[in-house]
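Topology and contacts: notes
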Amino acid sequence: MANRWGIPDLGFGIGLRTVHFPHILAEHPPVDWFEVLSENFMDSGGRPAYVLDRVAERYPVAMHGVSLSIGSTDPLNFAHLAKLKRLARRTRARWISDHLCWTGVSGLNTHDLLPMPYTSQSLRYVAERVRIVSDYLEQPLILENPSSYLEFAGSTWTECDFLAELADLSGCGVLLDVNNVYVSAFNHGFDPVQYIDRIPEGSVVQIHLAGHTHKGTHILDTHSDHVVEDVWRLYAHACRRFGTVSTLLEWDEAIPAFDVVHAEVLKAGRFLEDALHAA
Amino acid sequence: MPRDSPPELLGGLQRWMQACILAAGPVGVAIRTREAEREFPASEAPGLIRPSRTLAPLERLDIYRGMYEARLVEALRADYPGLHHRLGDEAFQELCRLYLTEHPSSSYTLNRLGDSLPAFLDRVTGLAKPVFVRDLARFELVSTLVFDEDESPVADPGTIERYAPEVWENLRLRPVRAFRLLRLSYPVHSHMHAFHAGETVPEPRRQRTWLVVYRRTYRVQQLALTAPAFALLGTLSEGATLGEALNAMFEAGGARSEDLQAWFRQWFGEGLFQSVTLV
């Protein structure tokens, strides 16, 4: 099932990481596509820029940001957006994504994806900012559900309903991070399957998968390991609901050899096939 | 609501949460800082966050506080590996804590988080071999700046010979962008070569050192210079003509004609200049 913008399914991709640069340049591995962390390349004109250009010549690329801070009460940073737009043009990025979160306020940046209070007031506020950003970028902004470790007592919406309504009000797409749904479901005690079922079908442009770290009392979204079985099951459920969607594996800590990361995302194909046959 | 105007409750929660994340000490102290209490009195703090099945509200807030420090210290450690090695884990972490209190990130990127660390170190007391430690920090900062600089064209070694010798004094040699000069009290570059090679790092000994730090084929390199060569390159990099730069060099000690020829052969060979123009 296609998303409402007709953005194509790119297949199974992995996040472009520095430790894999030599392997990618030398071996040109048969990966469907790469996701690029936007801020890592915006201000770097040396080797990172060179490698990104080589990758973009050969593979489809999507930009994924961590500092847009769409939910912040600080003004939007148009210098940041200008660099983002330039980078997306240079790499012919298929889409631009960031997170439903805020990263800082009063001119500071915590460099963390901090949770929003989900209220009608913040919904209207974020929707307006999404529209401004999408107009500026001249393409729909794709927003990811973050993993979170606290919920504000003043929230009057569930996160999934907030995200669904935001997609409707602002026209943003959804990057559904299945691991984040699982992590937040454990941390906050909600049903992850119901969460996925509340996301509108035509809004999902991309799916994220990753490993996490279970601390006993809570789960941290560390991207430091293989995808756990429960998350694969949740991914299969998402496939049944959304059909074939560009799927990407993130691995950011204790990153293993390229082939290990690639093999991990290719497992997704099996779950997708099973899900589509069962549907 | 006016376009893009932030809701007051959202802004208050964000300023409060950020103040708690940035504050030093335990979470019970963080909620009592002036910045946090400007938004919500400490007595109300636990009521702002929902408890989970396993964690109390302030324990959930504390997860973000721990991740903030870990993430930013890690970013500084990536930019200052030599300084981290020299000081050791505990002292480096304490230095970062103090530094981040004074210099929290205000950028969308972590790339330049440590730019003020060498200047901050100038005010830190109680360091063993403080001059060496400060040299080390300056060297590592310059290395990151050179790493991130934009690429520029490189003039080939024969460029200067296309001009008649009688006009050489009116030539302007423009260095590439990835080019910095560094005057040090210790041969830090030798120390760092041993460190990166995994060799035993000898105890540093004072030795006046003049370096050009530059990038060649996307790798950061250093070239040790004599004092006159340093003066010559320094004056050239400020936009002086070759004649003016030679005058400055002679004031710094002078050089033999064969030295000059060898220097320029090496400098052009290393790709230090992007253009030669007649003024």
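Now for a quick tour of the structure. Since we're looking at a predicted model, the values are computed, not measured.

1. Here we look at the overall build of chain B
Helices and strands together make up the secondary structure of chain B, namely 12 helices and five strands. A compact globule built from 279 residues would reach a C-alpha radius of gyration of about 19 Å, whereas chain B, at 25 Å, exceeds it by more than 25%. Considering chain B as a whole, with its 279 residues, one finds that 47% of them fall into the buried category. Nonlocal contacts in chain B, meaning residues at least 24 apart in sequence, comprise 65% of its contacts between residues at least 6 apart. Surface summary for chain B: the accessible area is close to 14,000 Å², and the carbon and sulfur share equals 51%. Side-chain charges of chain B comprise 32 positive and 35 negative groups, with the mean position of each set lying 3 Å from the other.

2. What about helix α9 (residues 188-196) of chain B?
Residue and element names in this part refer to chain B. Those residues of α9 lying buried are V188, H189, H191, M192 and A194. For α9, the secondary structure elements touched by its buried residues are α5 (81-87), α8 (130-148), β2 (179-184), β3 (209-216) and β4 (219-225). Just beyond α9, the residue with positive phi is G198, at close to 75 degrees.

3. Some thoughts on the environment of R174 of chain B
All names here are of chain B. Relative to the helices and strands, R174 is located in strand β1 (residues 171-175). The spatial distance from the C-alpha of R174 to the C-alpha of S152 is 11 Å, given a sequence separation of 22 residues. Contacts of R174, omitting those with residues within four sequence positions, involve L272, F273, Q274 and S275.

4. A closer look at the pattern of salt bridges
Summed over all chains, the structure comprises 34 salt bridges over all chains. R90 of chain A is the salt-bridge partner of D53 of chain A, the closest N and O atoms lying 2.9 Å from each other. With D53 of chain A in helix α3 (residues 47-58) and R90 of chain A in helix α4 (residues 78-91), this residue pair connects regions lying 37 residues apart in the sequence. On the basis of relative accessibility, which here comes to 38%, the residue R90 of chain A falls in the partly exposed class. As a salt-bridge pair, R77 of chain B and D89 of chain B come within 3.4 Å of each other at their nearest N and O atoms. With R77 of chain B in helix α4 (residues 57-79) and D89 of chain B in helix α6 (residues 89-102), the pair connects residues that are 12 residues apart, well separated along the chain. R77 of chain B sits in the partly exposed class, given a relative accessible area of 31%.

5. Topic: the packing of aromatic side chains
Residue and element names in this part refer to chain A. Inspection of every chain in the model, using the stated rule, returns 16 aromatic pairs over all chains. Aromatic side chains F34 and Y59 sit 4.9 Å apart centroid to centroid with 90 degrees between the ring planes, which places their arrangement in the edge-to-face category. Here F34 is found in strand β2 (residues 33-37), whereas its partner Y59 is found in the loop between α3 and β3 (61-64), with 25 residues between them in sequence. Neither residue differs from the other here; F34 and Y59 are each classed as buried. On the basis of an interplanar angle of 75 degrees and a centroid distance of 6.0 Å, the ring pair of W232 and Y235 is categorised as edge-to-face. Here the residue W232 and the residue Y235 both occupy positions in helix α9 (residues 229-242), the gap between them amounting to three residues, near one helical turn.

6. Focus: the interface of chain A and chain B
Taken together, the contact pairs 53 residues of chain A with 46 residues of chain B. When the two sides are added together, the surface that chain A and chain B hide from each other amounts to roughly 4,400 Å², 60% of it contributed by carbon and sulfur. Joining chain A to chain B, the criterion identifies two salt bridges. Two residues, R50 of chain B and E151 of chain A, come together in a salt bridge whose shortest N-O distance is 3.8 Å. The tally of links from chain A across to chain B stands at 23 residue pairs in polar contact (both at pLDDT 80 or more). Sort the elements by how many residues they give to the side of chain A that touches chain B and helix α5 (residues 120-137) of chain A lands first, with seven residues. In the side of chain A that touches chain B, the residues fall into 19 nonpolar, 25 polar and nine charged.

7. A few points about the sheet that holds strand β1 (residues 12-15) of chain A
Residues and elements named next belong to chain A. Pairing is parallel in the closed barrel, where eight strands are placed in the order β1-β2-β3-β4-β5-β6-β7-β10. On average, each strand axis in the sheet is inclined to that of its neighbour by 30 degrees, with strand direction left out of account. Here two bridges tie β3 to strand β4 (residues 96-99), and the two strands are oriented parallel to one another. Bridge pairing in β4 links M63 to I96. Contacts from helix α7 (residues 178-188) reach β5 (141-144), β6 (173-177) and β7 (204-210) within the one sheet, and its direction differs from that of β6 by about 65 degrees.

8. Here's the deal with unusual backbone geometry
Located in the positive-phi region is E138 of chain A, a residue other than glycine, with phi close to 60 degrees. As for its placement among the helices and strands, E138 of chain A is situated in the loop between α5 and β5. For E138 of chain A, a relative accessible area of 55% puts it in the exposed group. The phi angle at T217 of chain B is positive, at roughly 40 degrees, despite the residue not being glycine. Relative to the helices and strands, T217 of chain B is located in the loop between β3 and β4.

9. Topic: the pairing of β1 of chain A
Residue and element names in this part refer to chain A. Strand direction decides the pairing type here: β1 and strand β10 (residues 246-250), joined by three bridges, are parallel. The residue of β10 that forms the bridge with F12 is T247. Direction of pairing for β1 relative to β2: parallel, over a ladder of three bridges. In the strand pairing of β2, G15 is matched with E35. For the crossover from β1 across helix α1 (residues 21-27) to β2, the handedness is right-handed.

Rules behind the numbers
Counting of residues starts from 1 at the beginning of each chain's written sequence and follows it residue by residue. Throughout, the order in which chains and ligands are written sets their labels, letters from A for the former and numbers from 1 for the latter. pLDDT decides what is reported in this predicted model: residues at 70 or higher carry local features, side-chain atom pairs at 80 or more are listed and counted, and totals for whole chains, interfaces and linings draw on all residues regardless. Just so you know, side-chain values use all the structure's heavy atoms and leave hydrogens and water out. Numbering goes from the N terminus for both helices and strands, where a helix is a DSSP run of H or I of at least four residues and a strand is a run of E of at least two. Note that the radius of gyration is over C-alpha atoms, with the globule rule given as 2.2 Å times the number of residues to the power 0.38. Burial classes follow relative accessibility: with a 1.4 Å probe on protein chains only, a residue under 20% of its type's maximum area counts as buried, one over 50% as exposed, and anything between as partly exposed. In what follows, residue pairs with any heavy atoms lying within 4.5 Å of each other are defined as contacts. Note on areas: Shrake-Rupley with a 1.4 Å probe; residue coverage comes only from the protein chains shown. Here Asp and Glu are counted as negative and Lys and Arg as positive; His is not counted, and neither are the chain ends. For this purpose, a charge sits on NZ of Lys, CZ of Arg, CG of Asp or CD of Glu. The salt bridge definition used is simple: a Lys or Arg side-chain nitrogen within 4 Å of an Asp or Glu carboxyl oxygen. Stacked, tilted and edge-to-face are the three classes assigned to paired rings of Phe, Tyr and Trp, where Trp is represented by its six-membered ring and a pair needs centres within 6.5 Å; plane angles under 30 degrees give stacked, over 60 edge-to-face, the rest tilted. Summed over both partners, buried area is the accessible surface (1.4 Å probe) that two parts give up on being assembled. Nitrogen and oxygen atoms within 3.5 Å of one another constitute a polar contact, given that in protein one can donate a hydrogen and the other can accept it, and given that sequence-neighbouring residues count only through two side-chain atoms. In this count, Pro and Cys sit with the nonpolar residues alongside Ala, Val, Leu, Ile, Met, Phe, Trp and Tyr, while Asp, Glu, Lys and Arg are called charged and the others, Gly among them, polar. Pairing between strands is defined by DSSP: at least two bridges between them are needed. To define axes, lines are fitted to C-alpha atoms, for helices over the stretch in contact only, and angles between the resulting N-to-C directions are given on a 0 to 180 degree scale. Handedness of a crossover is defined as follows: orient the strands so they point away from the viewer, and if the path from the first strand over the helix to the second runs clockwise, the crossover is right-handed.

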